[in-house]
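The primary structure of each chain is shown beneath.
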Amino acid sequence: MKLIPNSLLRPRRSGCPGGPGPVSGAHGRWRKIKGWLGRQFRATGAGPATVNKAMSIFEGTTGLRASTMTESANGKRRLNTGEGGPGEFPHSMPGTRTEVVLFENSDQMVQSLGSHDEALRFIEEQFPDVNFHARGNELSISGPVSDVPRIMRLLQEVRGLVARGTVITPAVLQQLVSLLRTQSLQSPVDVLTHDILSSRGRTIRPKTLNQKNYVDAIDANTVIFGIGPAGTGKTYLAMAKAVQALQQKEVSRIILTRPAVEAGERLGFLPGTLSDKIDPYLRPLYDALHDMMDPESIPRLMAAGTIEVAPLAYMRGRTLNDAFIILDEAQNTTPEQMKMFLTRLGFGSKMVVTGDVTQVDLPFGTRSGLRIVEEILQGIEGVSFSVLDAADVVRHRLVGDIVNAYSIWDEAQRNRVKHSASREKRGEHA
């Protein structure tokens, strides 16, 4: 006689296979067990009477009834054995929980767990107290009751990404874990599959919740400020939206500008034509363009005026209609320059202003236009401010750590100045 399959004894889950949800009714499982046993008896040539008698003997011997499957409040699966008290499932330990994820086929399992199980190894590193066991198309997960539901949610989102064609890598999983930690109402799958632009086999999309909110703000508003530290994708995502708008004929040209200010250095006289002198300041914008468009088409579009890259000083006196305009490094504008730029807005145009208020290169004592503009424009319809932080850094992992370290140091310096001023004030009153 064959053993009863585990798939019949184990409580099944509602929703997507293996996904979280309420334990289904025990009556349905008991009917499946009886059906399976009946087929096994009949396969031996036994008649209906013999089968019914054998089923009665089985029920009496095991004490198994149609309502015996339960789950305790702490997540431990239990098997109630008829007249006796409840008994633990063999794989459940006090304070632990076991779940099984059933994949549709081996291809889906490989796509979800990564090439050579690299995605699974990443999850194991994130949850060191959880045990994983793969068998066939099943993945058994056993560990603390606080960790297992989180892993089930993570794998549910992973399968959603796989269904939309996303290749699962440790980097994608790291983004997914970060999104789940935000406990946002937005689905991580929707965030990570919000494609903006595809170019030469690369797809540009937001990678964090704040980046997705920033992209949504660009879609919904006319003037958008993207403020955050280096590496958070402020300019890159704005450039992608500009190229997308041009390709979809929402605008007839792209205008890219930034102030010609050195980063804490004096470069002195630069040789060459005016273009040669300006190009070094605008090189980051050219680099982004080359990532998103055919490099051979860029000189042609620039010659036709469809794409214009110019220093901020050249914006004075102009009205920019039917254009997608990006002002980069806006922390290096003065309040007067910021006002001048914003008033260039014409009909059918959209403006995105990006900058990092912690990296101002203006002469000492000069106020940054980006630092004060939120106080001035806050609350105006059609104007949006999106703030990104170290968690949104998509460069090397160390960049986010460096940004965090500087933020902590800056905060400590400000507190030290406040305490010094407070002590001096108390000394004066003494």
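Note that this is a predicted model, so its numbers are computed, not measured.

Attention now goes to the overall build of the protein. Helices and strands together make up the secondary structure of the protein, namely 15 helices and 14 strands. In the protein, which comprises 430 residues, the share counted as buried stands at 42%. Sequence-distant contacts, at least 24 apart, represent 66% of the contacts inside the protein between residues at least 6 apart.

The subject of this paragraph is the pairing of strand E12 (residues 323–327). E12 sits mainly inside the fold: five of its five residues count as buried. By the alternation rule, side chains of E12 split into Ala 323, Ile 325 and Leu 327 and Phe 324 and Ile 326, which are all buried. Here strand E10 (residues 253–258) runs beside E12; their pairing, made up of five bridges, is parallel. What sits directly across from Thr 257, in E12, is Leu 327. The sheet contact formed by E12 and strand E13 (residues 350–355) spans four bridges and is parallel.

Strand order in the open sheet made by the three strands is E4-E6-E5, with antiparallel pairing throughout. One side of each edge strand has no neighbouring strand; the edge strands of this open sheet are strand E4 (96–102) and strand E5 (131–135). For this sheet, the mean angle separating the axes of adjacent strands, direction not counted, is 15 degrees. Looking at chain direction, E5 and strand E6 (residues 138–144) are connected through five bridges and run antiparallel.

A word on the nonpolar core. Ranked by size, the top nonpolar core spans 33 residues in total, and within it Leu 256, Leu 289, Met 292, Met 293, Phe 324, Ile 326 and Val 352 carry the most contacts. At the level of secondary structure, the elements contributing two or more residues to this core comprise helix H9 (209–220), helix H10 (234–247), E10, helix H11 (274–292), helix H12 (297–303), strand E11 (307–311) and E12. With eight residues, H10 is the largest single contributor of residues to this core. Non-local contacts of Leu 256, meaning those with residues more than four positions away in its chain, are made with Met 239, Leu 285, Leu 289, Glu 308, Val 309, Ala 310 and Ile 326. Among the nonpolar cores identified, the runner-up in size contains 32 residues, and Val 158, Val 162, Leu 176 and Val 177 belong to it.

Overall, the coordinates contain one aromatic pair when judged by the stated rule. Summarising the aromatic geometry, the rings of Phe 225 and Phe 385 are spaced 4.6 Å apart at their centres and angled 10 degrees between planes, so their arrangement reads as stacked. Note that Phe 225 is positioned in strand E9 (residues 223–227) and Phe 385 in strand E14 (residues 383–387), a separation of 160 residues in sequence. Each member of the pair, Phe 225 as well as Phe 385, is classed as buried. Above the plane of the ring of Phe 103 lies Arg 159, whose end atom (NZ or CZ) is 5.5 Å from the centre.

We now examine helix H7 (residues 170–181). In a regular helix each residue adds 1.5 Å, so twelve residues correspond to 16 Å; H7 covers 16 Å between its end C-alpha atoms and thus fits that length. Within the sequence span of H7, burial applies to Val 172, Leu 173, Leu 176, Val 177, Leu 179 and Leu 180. For H7, the arc enclosing every buried residue in end-on projection is 165 degrees, short of the 170-degree limit, so these residues lie on one face. Those residues of H7 hidden inside the fold are in contact with helix H5 (118–126), helix H6 (148–163), helix H8 (188–192) and H9.

Turning our attention to unusual backbone geometry. Positive phi values are uncommon outside glycine, yet Lys 249 reaches one of about 60 degrees. Mapping Lys 249 onto the fold places it in the loop between H10 and E10. With phi around 55 degrees, Glu 329 is a residue other than glycine that occupies positive phi space. With respect to the helices and strands, the residue Glu 329 is situated in the loop between E12 and helix H13 (335–342). Using a relative accessible area of 25% as the deciding quantity, one classes Glu 329 as partly exposed.

With that settled, consider the pattern of salt bridges. Enumeration over the complete set of coordinates arrives at ten salt bridges. A salt bridge links Lys 241 to Asp 219; the nearest nitrogen and oxygen atoms lie 2.7 Å apart. One end of the pair, Lys 241, is in helix H10; the other, Asp 219, is in helix H9, with 22 residues separating them in the sequence. The class of Lys 241 is buried, set by a relative accessible area of 6%. When its relative accessible area of 44% is taken as the criterion, Asp 219 is described as partly exposed. A salt bridge links Glu 329 to Arg 258; the shortest N-O distance between them is 3.5 Å. A residue pair is termed long-range when its members are at least 10 positions apart, and Glu 329 in the loop between E12 and H13 and Arg 258 in strand E10 qualify at 71 residues. Each member of the salt-bridge network shares a partner with another, and the members are Arg 258, Asp 328 and Glu 329.

With that out of the way, let us pick up the side chain of Asp 392. Looking at the secondary structure, you find Asp 392 in the loop between E14 and helix H15 (397–429). It is Lys 234 that comes nearest to the buried, bridge-free Asp 392 among opposite-charge side chains, at 10.0 Å. Polar contacts involving the side chain of Asp 392 include one to the side chain of Asn 210, which spans 2.9 Å. Setting aside its immediate chain neighbours within four residues, Asp 392 contacts Thr 208, Asn 210, Gln 211, Gly 231 and Thr 232.

Criteria and cut-off values
Residues numbered from 1 in each chain as written. Predicted model: local features only at pLDDT ≥ 70, side-chain atom pairs only at ≥ 80, totals over all residues. Heavy atoms only, no water. Helix = DSSP H or I, 4+ residues; strand = E, 2+ residues; numbered from the N terminus. Buried < 20%, exposed > 50% of the residue type's maximum accessible area, 1.4 Å probe, protein only. Contact = heavy atoms within 4.5 Å. Pairing = 2+ DSSP bridges. Axes fitted to C-alpha atoms, helices over the stretch in contact; angles between N-to-C directions. Core = buried A, V, L, I, M, F, W, Y, C linked by side-chain atoms within 4.5 Å. Phe/Tyr/Trp six-rings, centres within 6.5 Å; stacked < 30°, edge-to-face > 60°. Lys NZ or Arg CZ within 6 Å of the ring centre and 35° of its normal. Expected span 1.5 Å × (residues − 1). Arc of directions from axis to C-beta. Salt bridge = Lys/Arg side-chain N within 4 Å of Asp/Glu carboxyl O. Lys, Arg positive; Asp, Glu negative; His and termini not counted. Polar contact = N/O pair within 3.5 Å; in protein donor to acceptor, adjacent residues only side chain to side chain.

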